[in-house]
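# Topology and contacts: notes
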Amino acid sequence: MVIDNLLEILESYKVPVYKQGSMSDDEIYPETFITFWNSNSTDHSHYDNDNYGVTWDYQICVYSADPAQIYSLIEDIRKDLKEAGWTVPGKGYDTTSDEPTHTGRAIEAIFLEIE
Amino acid sequence: MAKRKNWISIDMYAFADYADKLDKLGADLKKVLGEAMEEGAAKVEEDVLKAIEPANLPEKGKYSRGKTKESVIKDAKVKWSGSYGEIGVGFDKSKPGAGGWLITGTPKMQPDQALAKIFQTKKYANKINDEIKKELQKELDKLGG
């Protein structure tokens, strides 16, 4: 499963991993953590419309109270995902945090699963 | 079509084949391309406004104060730089509440799926490009190309 492969990589950094939007309103942000969200999954087909795989599109965010930690961790994730066969366009973008103590950055990660 | 997180740029490079054919048939390129791209932009505007209707927002829009709607680019026009035309659609990033957090979500709020489909999927960009190409083809047919 693509999600298992993604979670195995994300959980290897020894910081909490959540699904985006899954924290409750009164939950306190950990010092540094990662979120993921499956933005889309679409059939991948030949010109004759014969499907041969699925493209999985995920958004990965890193939030931290330490901005330097965000940049180094997101870069590690980017490199490790690419080594594991994922496509990661660009080096990411800023993303919004619920808490003024934390800032965040995100990357898009795409995986083509051949069926 | 170039895409950023809360903004889409429709540029004429995607329609170069049509532009060549229209040019050979003597069409007013700026007018024809401009009108087709502006129709594409109007479709994006309509879809973005639909995506931020209260039913699609977190908690059915309970926390929405209308700033996001105000930051949607309305009635976008093509900007020409010589013979190159580009049109920006989506959210005006210079305005507060410009949709970005709705698209990406936050740890405590899931992304707005309807907006994410517009700004984060190639399928949507292709659909808009196809609609613009249809308009250009209509013009080619009129000119007998």
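Note that the structure is a prediction, hence the values are computed from the model and not measured.

Basis of the calculations
Residues numbered from 1 in each chain as written. Chains lettered and ligands numbered in written order. Predicted model: local features only at pLDDT ≥ 70, side-chain atom pairs only at ≥ 80, totals over all residues. Heavy atoms only, no water. Core = buried A, V, L, I, M, F, W, Y, C linked by side-chain atoms within 4.5 Å. Buried < 20%, exposed > 50% of the residue type's maximum accessible area, 1.4 Å probe, protein only. Helix = DSSP H or I, 4+ residues; strand = E, 2+ residues; numbered from the N terminus. Contact = heavy atoms within 4.5 Å. Pairing = 2+ DSSP bridges. Axes fitted to C-alpha atoms, helices over the stretch in contact; angles between N-to-C directions. Expected span 1.5 Å × (residues − 1). Polar contact = N/O pair within 3.5 Å; in protein donor to acceptor, adjacent residues only side chain to side chain. Left-handed = near helix turned anticlockwise from the far one by under 90°. Buried area = accessible area lost by both parts, 1.4 Å probe. Salt bridge = Lys/Arg side-chain N within 4 Å of Asp/Glu carboxyl O.

## Details of the nonpolar core
- In terms of nonpolar packing, the biggest core is built from 34 residues, with L115(B) and L136(B) touching the most fellow members.
- When residues in this core are grouped by element, the largest group, 8 residues, is from helix α2 (residues 29–51) of chain B.
- Leaving out residues up to four positions away in the same chain, L115(B) has contacts with V48(B), A51(B), I52(B), F91(B), G99(B), L102(B) and I103(B).
- Residues V2(A), I70(A), V88(A) and A109(A) belong to the second largest nonpolar core, which totals 20 residues.

## Re unusual backbone geometry
- A positive phi angle, close to 60°, is found at K14(A), a residue other than glycine.
- Summarising the element assignment, K14(A) is placed in the loop between α1 (2–11) and β1 (17–19).
- Backbone geometry at D75(B) places phi at a positive 50°, although glycine is not the residue there.
- Relative to the helices and strands, D75(B) is located in the loop between α3 (67–70) and β3 (79–81).

## Observations regarding the sheet that holds strand β3 (residues 51–64) of chain A
Residue and element names in this part refer to chain A.
- Spatially, 5 strands are ordered β1-β2-β3-β5-β4 in an open sheet, and the strand pairing comes out mixed. Single-partner strands in this sheet number two, and they are β1 and β4 (93–95). Each strand axis lies, on average, 35° off the axis of its neighbour in the sheet, ignoring direction.
- The pairing of strand β2 (residues 32–45) with β3 spans 13 bridges and is classified as antiparallel. Looking across to β3, one finds that S45 is bridged to N51.
- Along the sheet, α1 makes contact with β1, β2, β3 and β5 (103–114), crossing β3 at roughly 25°.

## A closer look at the environment of A125(B)
- You can see A125(B) is positioned in helix α6 (residues 122–143).
- The spacing of A125(B) and I10(B) is 115 residues in sequence and 9.0 Å in space, taken between C-alpha atoms.

## A short note on helix α2 (residues 67–83) of chain A
Residues and elements named next belong to chain A.
- With 17 residues, α2 should cover 24 Å at 1.5 Å per step; its first-to-last C-alpha distance of 25 Å lies within 8% of that length.
- Every buried residue of α2 is listed here: I70, L73, I74, E75, I77, R78 and L81.
- Turning to α2, the residues buried within the fold contact α1, β2, β3 and β5.
- Near the N-terminus of α2, the side chain that reaches the backbone nitrogen of A68, with its oxygen 3.0 Å away, is that of D66.
- With its phi angle positive at about 95°, G85 sits one or two positions after the end of α2.

## A closer look at the packing of helix α1 (residues 16–24) of chain B against α2(B)
Residues and elements named next belong to chain B.
- Packing of α1 against α2 leaves a shortest axis separation of 10 Å and a crossing angle of 145°. α2 is crossed by α1, and the crossing has right-handed handedness. Contact residues: A19, L22 and D23 in α1; L29, V32 and L33 in α2.

## Some words on the interface of chain A and chain B
- In this complex, chain A contributes 21 residues to the contact, which on the side of chain B involves 13 residues.
- Summed over both sides, the interface between chain A and chain B buries roughly 1500 Å², with carbon and sulfur atoms accounting for 53% of that surface.
- Seen at the junction of chain A and chain B, the total is 1 salt bridge.
- Linking E99(A) and K108(B) is a salt bridge whose minimum nitrogen-to-oxygen distance equals 2.9 Å.
- Connecting chain A to chain B are 13 residue pairs in polar contact (both at pLDDT 80 or more).
- Ranked by residue count, the leading element in the side of chain A that touches chain B is β2(A), at 5 residues.

## Looking at the pattern of salt bridges
- Scanning the model with the defined rule gives 10 salt bridges over all chains in all.
- Across the salt bridge formed by R105(A) and D94(A), the nearest N and O atoms sit 2.8 Å from each other. Taken as a pair, R105(A) in strand β5 and D94(A) in strand β4 lie far apart in primary sequence, 11 residues in all.
- For R105(A), a relative accessible area of 12% puts it in the buried group.
- We classify D94(A) as exposed; its relative accessible area is 56%.
- The residue K77(B) makes a salt bridge to D75(B) at a minimum N-O spacing of 3.5 Å.
- Look at D75(B) and you get exposed, because its relative accessible area is 55%.
- Three or more residues joined by partner-sharing salt bridges are found here, namely E75(A), R78(A) and K79(A).

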